[in-house]
Number of protein chains: 2
Amino acid sequence: MASRTKKDKEIVSSPVSMADLARELGVSMTTISRALSDHHSIGPATKLKVQKLAKKLNYQPNHLAAALRKGKSKLLGVVVPYIEGRFFPSVVHGIETVARKAGYSVVMCQSNEDAAQERHNIDTLLNAQVAGILVSLARTTNDFRHFDKVRRRGIPLVFFDRVMTGDDVNAVVLNDRAGAYQSTRHLLEQGCRRIAHFTGPQHLNIYQTRRQGYLDALQSYSIAPDEELIAYFDMSQEQGAEEMARLLALPNPPDAVFAAGDSSILGALQYLKSQGLRVPEDVALAGFSNEAFTSITEPMLTSVDQRCEEMGQAAVRLFLELVESKGTPFSQRQVVLQPELFVRGSSLHTPATGASPKKKAAVEQHS
Amino acid sequence: MASRTKKDKEIVSSPVSMADLARELGVSMTTISRALSDHHSIGPATKLKVQKLAKKLNYQPNHLAAALRKGKSKLLGVVVPYIEGRFFPSVVHGIETVARKAGYSVVMCQSNEDAAQERHNIDTLLNAQVAGILVSLARTTNDFRHFDKVRRRGIPLVFFDRVMTGDDVNAVVLNDRAGAYQSTRHLLEQGCRRIAHFTGPQHLNIYQTRRQGYLDALQSYSIAPDEELIAYFDMSQEQGAEEMARLLALPNPPDAVFAAGDSSILGALQYLKSQGLRVPEDVALAGFSNEAFTSITEPMLTSVDQRCEEMGQAAVRLFLELVESKGTPFSQRQVVLQPELFVRGSSLHTPATGASPKKKAAVEQHS
DNA sequence: TTGTAGGCGTTATCAC
DNA sequence: GTGATAACGCCTACAA
């Protein structure tokens, strides 16, 4: 009873191809191809007939073959260092929203902060014949040759958040320096004078620039930075607690900590509370990323919002621009998003309730 | 100076193919193909020559063409409803670990709890010519026809956590019923007698079975279930707070809540605290999933761990079994993992510190 | 040990 | 309007 196509011995029916449709209707494959892609040079009658049969036989176009033929696909690849937490999921969500509207599908891979896996991910995506790749670098990536492959193939490459150093890259980043400045400045305005800083590997733009913003703010108050107060580590919750312990043991301990990430400041908060110290009275705290848990802790954690959704959306728009302006190869673009400081209990010496954004909505600027 | 292959006009060099290597060395494509895949029937001399040239010209195999030819790839597709939080990222991590060892690459898509997007994701993965698909259903999926496509193509399909109803499916699930039973039973042992339940759409196995476990536990204490105490909603944090409010307004309010998810119980906790009620003294709370934030709240939240990593690993192993036993088509397998209750402050009438697992490690069982 | 040729499913180019 | 044919890059009988 079932419509039989090719080899009928198999239990799993092999997918029906254009050739099958052509045979069934007694027309050429060309006609089929055109009818399905709604080409103008096909009679409305045949068009309808073809599309009807396609539906009936449940024809599934093999985009892969099309991609092979055209050397192009409608697939967008995303590589992120990890997906836990709120930041990257939100960015990816932003990516999906814009990508879908433009007719692209999105697949993602995580590098687990490992350069080797990142390389492998890039290969995987290239092999899947993606039309473009959006990347946020792994923490351990300091060799960028695997991205040359991408460029050599002429595949648009856009970095976001954690970007490759060098100016010949397309990138969407937060104005990390401004965010860190705002946050540190806020701590200073609250009366803190000995502000410590948690940061990560300095080859990553985000940590380097946030550190710079921290230093900027100190300087604006004519405070000389104290290297002893700057902790370089993996920014994990556990290490955050340990570094907090180390800082408290100093002869002259800090009265505040500004961290370039939220997990580490959570660790610090937990350690402080375990020692019976009060936040923010004894030590004020501020983090970075505005992770979901910053509104759960007691007190809630002050943090810098990274405009995740916008970042994802901007990355796709950048990609789309690159696709369209394929003629002009070396027009590298940078999009800079403006951060937003969320002041919460952990940094307020005059306690307030809830979160209050300190800056207005982000502005995209091309540079 | 640069080795010129085909059209030299382009700035981006078109990727070098086997044909290019063959021409360059004056041998056939067969030789190239075999040399690169380390076939035994190729002389070590030619093999070396080929591989050297491949390196030099930076040859990148087009796995896509290979996949088209062979109808198979080493790509594994994963579809999850969302990636925020800890559960799905951990599962995916488990998947990647085992997949990588077996030589598979992993790409993932999120359905954002939307059936239409899930359908689209399946198409995307099929088009990318994946060797298999691992799925956890979107909350809104109640039509399963898009999975027929997958089966018709003979592509192994494994469900995890949120599985399709019906017994002809390959699936890895938690023993949700046992987890819910343990958790509710624990609340009963703490002296609670009027235990409310937060649950989601009952067409999803996880919510249905957890509800059943809850009822089982009540029955074991000869307590008649009260439908008024069972709240059906989207399990969000916001709704959790609202449902808590509704329950408190009852003439005979509950003294505990067991939720089939963590976000909803977090909402309940926050509402209770906002009303000046004490947890667990006034109302004891227990959730499900053991999300990371359960250890951050005050008090910490009791929850059922879902063995995320194991779940991902088991799903891939199941997939690998299916690949190997391709001959026997209808051998559907189910893997059931044992949950682990983490008792924390939110449910302990005799307060303890930290978390204490109540059950030992999970055991996989084939049924 | 190596080469020849056909085909995977689609689209582009030409001719009718 | 429609059809035949040749690619896209790779794999694999089969032949030599």
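Here we summarise the structure given alongside this text. Computed from a predicted structure; not experimentally measured.

Rules behind the numbers
Sequence order as written defines the numbering, with residues in each chain counted from 1. Note on labels: chains are lettered from A, ligands numbered from 1, in written order. pLDDT decides what is reported in this predicted model: residues at 70 or higher carry local features, side-chain atom pairs at 80 or more are listed and counted, and totals for whole chains, interfaces and linings draw on all residues regardless. Each side-chain value is worked out from all heavy atoms of the structure, with water and hydrogens disregarded. Secondary structure elements are taken from DSSP: a helix is a run of H or I of four residues or more, a strand is a run of E of two residues or more, and numbering for both begins at the N terminus. Buried, partly exposed and exposed residues are distinguished by accessible area as a fraction of the type maximum, computed with a 1.4 Å probe on protein chains only: under 20%, between the cut-offs, and over 50%, respectively. We call two residues in contact when some of their heavy atoms are within 4.5 Å. In these tables, accessible area is a Shrake-Rupley quantity obtained with a 1.4 Å probe, and a residue counts as shielded only by the protein chains included in the view. Here a pair means two rings of Phe, Tyr or Trp (six-membered ring of Trp) with centres within 6.5 Å. Their orientation is stacked below 30 degrees between planes, edge-to-face above 60, and tilted elsewhere. Charge-over-ring placement is defined geometrically: NZ (Lys) or CZ (Arg) within 6 Å of the ring centre, and within 35 degrees of the ring normal. Accessible-area loss on putting two parts together, using a 1.4 Å probe and summing over both, is the definition of buried area adopted here. Think of a salt bridge as a Lys or Arg side-chain nitrogen and an Asp or Glu carboxyl oxygen that are within 4 Å of each other. Counting of polar contacts relies on pairs of N or O atoms within 3.5 Å, with two restrictions inside protein: one atom must be capable of donating a hydrogen and the other of accepting it, and residues adjacent in sequence are counted only when both atoms are side-chain atoms. Here, proximity means that at least one heavy atom of the residue falls within 4 Å of the molecule or strand. Classes in brief: Ala, Val, Leu, Ile, Met, Phe, Trp, Tyr, Cys and Pro nonpolar; Asp, Glu, Lys and Arg charged; the others, Gly included, polar.

Let us now look at the overall build of chain A. Looking only at helices and strands, chain A has 12 helices and 14 strands in total. Residues counted as buried form 52% of the 367 residues belonging to chain A. A separation of at least 24 residues holds for 72% of the contacts in chain A among residues at least 6 apart in sequence. Roughly 16000 Å² of accessible area belongs to chain A as shown, and the carbon and sulfur atoms make up 53% of that amount.

Further remarks concern the packing of aromatic side chains. All names here are of chain A. Using the criterion set out here, one finds 14 aromatic pairs over all chains in the structure. Ring centres of tyrosine 82 and phenylalanine 88 lie 5.1 Å apart, and the angle between their planes is 90 degrees; this geometry places the pair in the edge-to-face category. Looking at tyrosine 82, the relative accessible area reads 29%, which means it is partly exposed. With a centroid separation of 6.4 Å and 65 degrees between ring planes, the pair formed by phenylalanine 88 and phenylalanine 160 is classed as edge-to-face. Here phenylalanine 88, found in helix 5 (residues 87-101), pairs with phenylalanine 160, found in strand 4 (residues 157-160); they are 72 residues apart in sequence, far enough to count as distant. Chaining the aromatic ring pairs together yields one cluster made of Tyr82, Phe87, Phe88 and Phe160. The lysine or arginine in question, arginine 210, covers the ring of phenylalanine 288, its NZ or CZ lying 3.8 Å from the ring centre.

This part covers the interface of chain A and chain B. Taken together, the contact between chain A and chain B spans 53 residues of the former and 53 residues of the latter. For the pair chain A and chain B, the summed buried area comes to about 4300 Å², and 58% of that belongs to carbon and sulfur atoms. Summed over the three residues of chain A that lose the most area to chain B, namely A:Leu64, A:Met108 and A:Ile296, the buried surface amounts to 15% of that side. Where chain A meets chain B, there are two salt bridges. Here A:Lys273 and B:Glu298 are joined by a salt bridge, their closest N and O atoms 2.1 Å apart. The interface formed by chain A and chain B includes 15 residue pairs in polar contact (both at pLDDT 80 or more).

Attention shifts here to the protein's contact with DNA strand D. Inspection of the region around DNA strand D gives 25 residues, with A:Thr30, A:Thr31, B:Met18, B:Tyr59 and B:Arg69 positioned closest. Sugar and phosphate atoms form 56% of the subset of DNA strand D atoms that lie within 4 Å of the protein. Here a phosphate oxygen of DNA strand D and a side-chain polar atom of A:Thr46 are 3.1 Å apart. Within the side chain of A:Arg69, a nitrogen or oxygen atom sits 3.2 Å from a base nitrogen of DNA strand D. The set of elements that each furnish at least two residues to the surface near DNA strand D consists of helix 2 (29-36) and helix 4 (63-70) of chain A together with helix 2 (29-36) and helix 4 (63-70) of chain B. Among the residues making up the surface near DNA strand D, the classes are represented as nine nonpolar, 10 polar and six charged.

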